[in-house]
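So the chains spell out like this:
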Amino acid sequence: MLKSTIEKVCFKEFEFYVKRDDLLGEINGNKARKLAFYFSQNYSKNQRFISYGGVQSNALGSLSIFCLKKNIKFIFICKKIPSYLKENPCGNYALALKNKVEFLEVNNTSLKEYALSLCCKDDIFIEQGIANLNAEQGYKELADEIKKQSINLNLEFDIFLPSGTGTSAAFLARHSKFKVFTCACVGDEDYLKKQILELIQDYDFKNLQILQKNQKYHFGKPYKEIHQLYKELKQECFIEFDLLYDMIGLSVALKRKWEKPLLYIHQGGILGNASMLQRYAFKGFK
Ligand SMILES: *Cc1c(COP(=O)(O)O)cnc(C)c1O
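These figures come from a predicted structure and were not determined experimentally.

Novice: What exactly am I supposed to notice about the environment of H218 here?
Specialist: Summarising the element assignment, H218 is placed in the loop between β9 (208-210) and α10 (224-237). Judged by relative accessible area, H218 falls into the exposed class, the value being 52%.

Right, here's the structure in full:
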């Protein structure tokens, strides 16, 4: 069973709590929670996992560790990999190569459809970002863990975690006794809602509130103020947060007036910072 600590931090005189899921181990953050179900299963000798998406995604890195540990063949469908990256692998892509992932680059066709077309009877297909219903198990466990820790700390929380597909926030909100808040880091609020409803048709949003962002951000694009916030948090809180999701999430969460003490879920993904930091350095931000 996974378990992480809750740490009290202070940033610019605002006190809040951080659930250190980034310290869960080799596979950490929300991808570790999402994979809890798969860890509880047994696999036969010839098992294959097939997934698709970005070659720098945390889902790819985490699945590559999982499959190596479980002796599962892992096939990953992606767009054409830039030659610069092939010659200079870094971040999650480098990890996946080390872990013997078989990459299939495809052009001009839907990655998902291609991945599905490869699946034979016993293959396990994993949706992009591990956004599937099996993720729920890990979030039941996380909600339970937070409940126990809140009793020990004698605190009631408001919980915040930033969303990509919304899978993590949706399942945590479904099982937590505390109110859960999120924001959309990929696309806008309507798109996030749509993605959650695609995953869970009858999803009840009563315990999940989607907060508006202060401004529009394009996913994966470098922004000076995001880099600034990243550096300040690292210096003042001694915690490295992820550049793609946490910086948008924290810029929303730190501006809000919270009714209860804020528990911010650190969802890992630090390995993914390597390629983003390269891009920032290239733009002259150090
Ligand atoms: C994958 C990921 C997310 C997005 O999670 P969803 O469940 O898709 O909303 C957020 N933060 C980090 C660090 C991630 O790796």
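Continuing now.
Novice: What am I meant to see in the pattern of salt bridges here?
Specialist: If charged atoms from side chains of opposite charge come close, those side chains can pair. The full count for this structure, using the stated rule, is 19 salt bridges. Residue R33 is joined to D21 by a salt bridge in which the shortest nitrogen-to-oxygen separation is 2.8 Å. Here D21 lies in the loop between β2 (14-19) and α1 (29-34) and R33 lies in helix α1, a separation of twelve residues in the sequence. D21 shares its class with R33; the two are buried. Between R48 and D123 there is a salt bridge, with its nearest N and O atoms 2.6 Å apart.

Novice: When you look at helix α7 (residues 136-153) in this model, what are you seeing that I'm missing?
Specialist: For the α-helix, the turn length of 3.6 residues means that residues three or four positions removed from each other point alike. Here α7 spans 26 Å end to end across 18 residues, near enough to the 26 Å set by a 1.5 Å rise per residue. Listed as buried for α7 are E136, G138, Y139, L142, A143, E145, I146, Q149 and S150. Just past α7, the residue N154 takes up positive phi, approximately 55 degrees.

Novice: Mind showing me how you'd approach the site of the ligand here?
Specialist: Surrounding the ligand, one finds 14 residues, the nearest of these being K31, N58, G164, T165 and S168. A distance of 2.8 Å is found between an oxygen atom of the ligand and a side-chain nitrogen or oxygen belonging to K31. Here an oxygen atom of the ligand sits 2.7 Å away from a polar atom, N or O, in the main chain of G164. Against a free-state accessible area of 390 Å², the protein chains account for coverage of 97% of the ligand. Breaking the shell around the ligand down by element, the ones donating at least two residues are α1 and α8 (167-175). A per-element tally of the shell around the ligand places α1 first, with three residues. For the shell around the ligand, the class distribution of residues is one nonpolar, ten polar and three charged.

Rules of the game
- Residues numbered from 1 in each chain as written.
- Predicted model: local features only at pLDDT ≥ 70, side-chain atom pairs only at ≥ 80, totals over all residues.
- Heavy atoms only, no water.
- Helix = DSSP H or I, 4+ residues; strand = E, 2+ residues; numbered from the N terminus.
- Buried < 20%, exposed > 50% of the residue type's maximum accessible area, 1.4 Å probe, protein only.
- Salt bridge = Lys/Arg side-chain N within 4 Å of Asp/Glu carboxyl O.
- Expected span 1.5 Å × (residues − 1).
- Near = heavy atom within 4 Å.
- Polar contact = N/O pair within 3.5 Å; in protein donor to acceptor, adjacent residues only side chain to side chain.
- Areas by Shrake-Rupley, 256 points an atom, 1.4 Å probe, with all protein chains shown as cover.
- Nonpolar A, V, L, I, M, F, W, Y, C, P; charged D, E, K, R; others polar.

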